[in-house]
Amino acid sequence: MDEAEPFIIIRRLFKAYRRGGQIVPVLNDISLEVAAGEFTALMGPSGSGKSTLLNLIAGIDKPDSGELRVGGIDITALSESELADWRARHIGFVFQFYNLMPVLTAFENVELPLLLTRLSRAQRRERVGLTLAIVGLDDRKAHYPSELSGGQQQRVAIARAVVTDPALLVADEPTGDLDRVSASEVLALLRRLNDELGTTILMVTHDVHAARSARRLVHLEKGELSTEPIQLRD
Amino acid sequence: MFMLKLIVRNALRHRLRTGLTVIGLLVAVLAFGLLQTVVDAWYAGAQAASNARLITRNAISLVFPLPLNYEARIRGIQGVTSVARSSWFGGVYQSPKNFFAQFAVTPNYLDLYPEFVLSDAERQAWLRDRKGCLVGRQLADLYGFKVGDVLPLRGTIFPGTWEFVVRGIFEGSDAGKITRQMMFHWDYLNETLRKSARQRADQVGIYIVGIEHADSAPSIARAIDATFRNSLAETLTETEQAFQLGFIAMSNEIIAAIRIVSYVVIVIIMAVMANTMAMSARERTAEYATLKTLGFRPGFIALLIVGESAAICALGGGLAIAAMPHAASAFKHFAGTYFPIFEVSNLTLALQAACALAIALAAAIVPAVRAGRVRIVEGLRAIG
């Protein structure tokens, strides 16, 4: 990847879904660039296509047409298995409902993505321990998700997302299921990751308070980018 | 290792559901094994039968006897070494449920059946006593018969109360031999009939024919039947094994029904297991989608489901196989004397294991394929 090239390049991206025989356009001629190390919030009303855009950038869905390059790679050209490998290496995911494995402990959940790497068991344990310490949960590593609060579960999910040191962290409504205090803690953690580790973060939210944590706001309206990027945070 | 951990924990996630499924599997695989063993037991007698002995019976039906004077003519046929008489007695010991086979036989019967081992002293004691009888070891153990005991039988084919004195207990030459029968002197039966029912005397149920070489059995059988062709009592001669299989053939429909039921049981539990796995996989759609999001391949997801199905089936099937000897023993006790040999074969155990494996695969294949194919974005929307 060229140093000067933006980390995410989207040009003339289209995506539509078929529902009941009808084609419903979701993203219409989207063009966007995101620099490496940016913390970007994607806002917009329900159905505006923000989660769809996030899914396309994260490589868990495919556009109908357009250019989509992430970290210098044209991910539209990758096969399903290539995409799976690419996601495992480069992308960290944070979901609204945490999506932790209920039968695995916090430690084991964080260890999950590392099982797809060549790290030894000892290296994995060391890295998981360090990551859990970063999110402030090293004393909860033996707890199952059902034994943790919503905020703690989301912090485990963030630990799972960053344990492989991904280039891009995508978060879909990461505070959508949390109370105000827990939401603030999670946002503070994301800011720390962005500030201290330089992780590029793309966050979908419809919460203005959450969006203020980002350095940049992108607004989607009916599948189109409505305005120029807005500066939110210094 | 991680996959194994995930499989086991997933399997134990709904303990009640898994427990009930395991019990269902245990019962089904056990029932399958017992029914297969019943079928084996049916054929046990035929398997133990010899090809070196011929049985000559009335060609019309086994119900009709043959004249006594046939014996000498059969003995005269080339290749025949000895001829013994045997008549089915069909007596009742205390109660009809105490069924066991009783045969009126000539003394040389034992010469033709070297697999029945009797001491010389007991043999001589039996030969000396016209009311004497011999009982097999299994029968003696079952009813506690001892040498010297009086064994009363109520005749059904030959009316009246018949009393015999146990003069010997014969053993089987190996563990597979059925020794649940009793035999007594054919002469005693015949002499009694001469006095009480003269028209039924001097008749023989079947002739057991000893031959020089097993290879010559077909030609000797043809020669015997040819000798009595166009007589009042035409004969049908076949090897003892064919005779026994012919006997079993009369129950072919029953055996077929038992076999069908045994497989139907497996098909039913397969459907139950498939439903369990489909429910489990459907509930975990979002989890599978999350795993795929993290980079795990569809094959990993499919293996998780197949592995869970295999783990449950291995537990249910394993418990059933482990319980088979005890269940067979209980069944044998319950069935009384109807199945003298009721032993679980290695083939049955292998079939049980194969059934458990087939259930595991059949139950998992559709949910595994579906989970592997589910689109991530759709899977993440699913609510368990």
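Residues numbered from 1 in each chain as written. Chains lettered and ligands numbered in written order. Predicted model: local features only at pLDDT ≥ 70, side-chain atom pairs only at ≥ 80, totals over all residues.

Draft legend 1. The overall build of chain A, seen in detail. If you tally the helices and strands in chain A, you get seven helices and 11 strands. Relative to a compact globule of 234 residues, whose C-alpha radius of gyration would be 17 Å, chain A shows 17 Å and is just as compact. With the C-alpha coordinates of chain A rotated into their principal frame, the extents come out at 45 × 45 × 40 Å. For chain A, the proportion of its 234 residues judged to be buried stands at 46%. Long-range pairs, those at least 24 residues apart, make up 68% of the contacts in chain A between residues at least 6 apart in sequence. (Helix = DSSP H or I, 4+ residues; strand = E, 2+ residues; numbered from the N terminus. Rg over C-alpha atoms; globule rule 2.2 N^0.38 Å. Buried ≥ 20, exposed ≤ 12 C-beta atoms within 10 Å, placed from the backbone. Contact = placed C-beta atoms within 7 Å.)

Draft legend 2. The interface of chain B and chain A, seen in detail. Contacts between chain B and chain A engage 16 residues on the former and 16 residues on the latter. Secondary-structure elements contributing two or more residues to the side of chain B that touches chain A are helix H1 (2-11), helix H11 (285-294) and helix H14 (376-381) of chain B. Ranked by the residues each element gives to the side of chain B that touches chain A, the list is headed by H11(B), at six residues. When its residues are assigned to classes, the side of chain B that touches chain A shows seven nonpolar, four polar and five charged. (Nonpolar A, V, L, I, M, F, W, Y, C, P; charged D, E, K, R; others polar.)

Draft legend 3. Molecular detail of the confidence of the model for chain B. Put simply, chain B has an average pLDDT of 91, and 97% of its residues get 70 or more. Predicted as a complex, the structure gets a pTM of 0.76 and an ipTM equal to 0.91. (pLDDT = per-residue confidence, 0-100.)

Draft legend 4. Local environment of the environment of B:Phe342. Residue and element names in this part refer to chain B. Summarising the element assignment, phenylalanine 342 is placed in the loop between helix H12 (298-335) and helix H13 (346-373). With 18 C-beta atoms packed within 10 Å, phenylalanine 342 lands in the partly exposed category. Beyond its immediate stretch of four places on either side in the chain, phenylalanine 342 contacts Thr37, Ala41, Ala328, Phe331, Lys332 and Ala335.

Draft legend 5. Here's a closer look at the packing of H12(B) against H13(B). All names here are of chain B. At their nearest, the axes of H12 and H13 sit 8 Å apart, and the two run at 155° to each other. Judged on the interaxial angle alone, H13 and H12 are roughly antiparallel. Once H12 is placed against H13, the crossing between them reads as right-handed. Across the contact of H12 with H13, the residue classes tally to 23 nonpolar, six polar and one charged. (Axes fitted to C-alpha atoms, helices over the stretch in contact; angles between N-to-C directions. Parallel < 35°, antiparallel > 145°, perpendicular 65-115°, else oblique. Left-handed = near helix turned anticlockwise from the far one by under 90°.)

Draft legend 6. Quick peek at H13(B). All names here are of chain B. An ideal rise of 1.5 Å per residue puts 40 Å on 28 residues; H13 measures up with 40 Å between its terminal C-alpha atoms. Along H13, the sharpest kink reaches roughly 40°, centred on isoleucine 365 and followed within four residues by the proline proline 367. Of all the positions in H13, only Thr348, Gln352, Cys355, Ala356, Ile359, Ala360, Ala363, Ala364, Pro367, Ala368 and Ala371 are classed as buried. (Expected span 1.5 Å × (residues − 1). Bend = angle between axes of the 7 residues up to and from the residue.)

Draft legend 7. Broad picture of H1(B). Residue and element names in this part refer to chain B. If you check which residues of H1 are buried, you get Leu6, Ile7, Asn10 and Ala11. For H1, the arc enclosing every buried residue in end-on projection is 130°, short of the 170-degree limit, so these residues lie on one face. The outward face of H1, more than 90 degrees from its buried face, is lined by the exposed residues Phe2, Leu4 and Lys5. (Arc of directions from axis to C-beta.)

Draft legend 8. Structural view of the nonpolar core. Grouped together as the largest cluster of nonpolar side chains are 114 residues, with contacts concentrated most on A:Leu42, A:Val170, B:Leu25 and B:Ile359. Residue contributions to this core peak at 11 residues, all from H12(B). If we ignore the near neighbours within four places in the chain, the residues touching A:Val170 are A:Leu54, A:Ile57, A:Ala58, A:Ile91, A:Phe93 and A:Leu202. Listed in part, the 47 residues of the second largest apolar core include B:Leu54, B:Ala104, B:Cys133 and B:Ile220. (Core = buried A, V, L, I, M, F, W, Y, C linked by C-beta atoms within 7 Å.)

Draft legend 9. Representation of the sheet that holds strand S4 (residues 65-70) of chain A in the model. Residue and element names in this part refer to chain A. Judged by pairing direction, the sheet is antiparallel, and its four strands sit side by side in the order S2-S1-S4-S5 without closing on themselves. Because the sheet does not close on itself, it has two edges, and the strands there are strand S2 (22-34) and strand S5 (73-74). Across nine bridges, strand S1 (residues 8-19) lies against S2 in antiparallel orientation. Bridging across to S2, isoleucine 9 finds its partner in glutamate 33. (Pairing = 2+ DSSP bridges.)

Draft legend 10. The packing of helix H10 (residues 252-283) of chain B against H13(B), seen in detail. All names here are of chain B. With their axes 9 Å apart at the nearest point, H10 and H13 run at an angle of 35° to one another. For the pair H10 and H13, the sense of crossing is right-handed. Residues Ile266, Ile269, Met270, Met273, Ala274, Met277, Ala278 and Ala281 of H10 lie in contact with H13, whose contacting residues are Cys355, Ile359, Ala362, Ala363, Ala364, Val366, Pro367, Arg370 and Ala371. Looking at side-chain class alone, the contact of H10 with H13 contains 16 nonpolar, no polar and one charged residues.

Draft legend 11. Broad picture of the pairing of strand S3 (residues 80-88) of chain B. Residues and elements named next belong to chain B. Looking at chain direction, S3 and strand S11 (residues 206-211) are connected through six bridges and run antiparallel. Residue pairing across strands places arginine 85 opposite tyrosine 207, the latter belonging to S11. Where S3 and strand S4 (residues 101-105) come together, three bridges link them in antiparallel fashion. Opposite serine 87, over in S4, you have alanine 104 as the bridge partner.

Draft legend 12. Region of interest: unusual backbone geometry. Its identity is not glycine, yet A:Asn99 carries a phi of approximately 50°, on the positive side. Residue A:Asn99 is classed as buried on the basis of its 22 C-beta neighbours within 10 Å. In this model, B:Asp202 sits at a positive phi of 55°, which is unusual for a non-glycine residue. Within the fold, B:Asp202 resides in the loop between helix H7 (186-196) and strand S10 (203-204). Taking the number of C-beta atoms within 10 Å as the measure of exposure, B:Asp202 has 13 and is therefore partly exposed.

Draft legend 13. Seen up close, the domain arrangement of chain B. Split by domain assignment, chain B resolves into domain 1 (2-45 + 252-381) and domain 2 (65-232). Averaged C-alpha coordinates put domain 1 of chain B and domain 2 of chain B at centres separated by 48 Å. (Domains from an automatic or database assignment.)

Draft legend 14. Looking closely at the pairing of strand S8 (residues 160-172) of chain B. All names here are of chain B. Note that strand S5 (residues 116-117) and S8 share two bridges and pair antiparallel. Paired with phenylalanine 116 across the bridge in S8 is glycine 172. Alignment of strand S6 (residues 132-136) against S8, held across five bridges, turns out to be parallel. Bridge pairing in S8 places leucine 134 opposite glycine 168. Inspection of the sheet shows strand S7 (residues 150-155) paired to S8 by six bridges, in the antiparallel sense. Bridging across to S8, leucine 153 finds its partner in tryptophan 162. Here S7 folds back onto S8, and the loop between the two strands holds four residues.

Draft legend 15. Local environment of the environment of A:Gln153. Residues and elements named next belong to chain A. Note that glutamine 153 resides in helix H5 (residues 150-162). Put simply, glutamine 153 and tyrosine 98 are 55 residues apart on the chain and 6.4 Å apart in space, counted from C-alpha to C-alpha. For glutamine 153, the contacting residues outside a window of four places in its chain are Tyr98, Leu100, Pro145 and Leu148.

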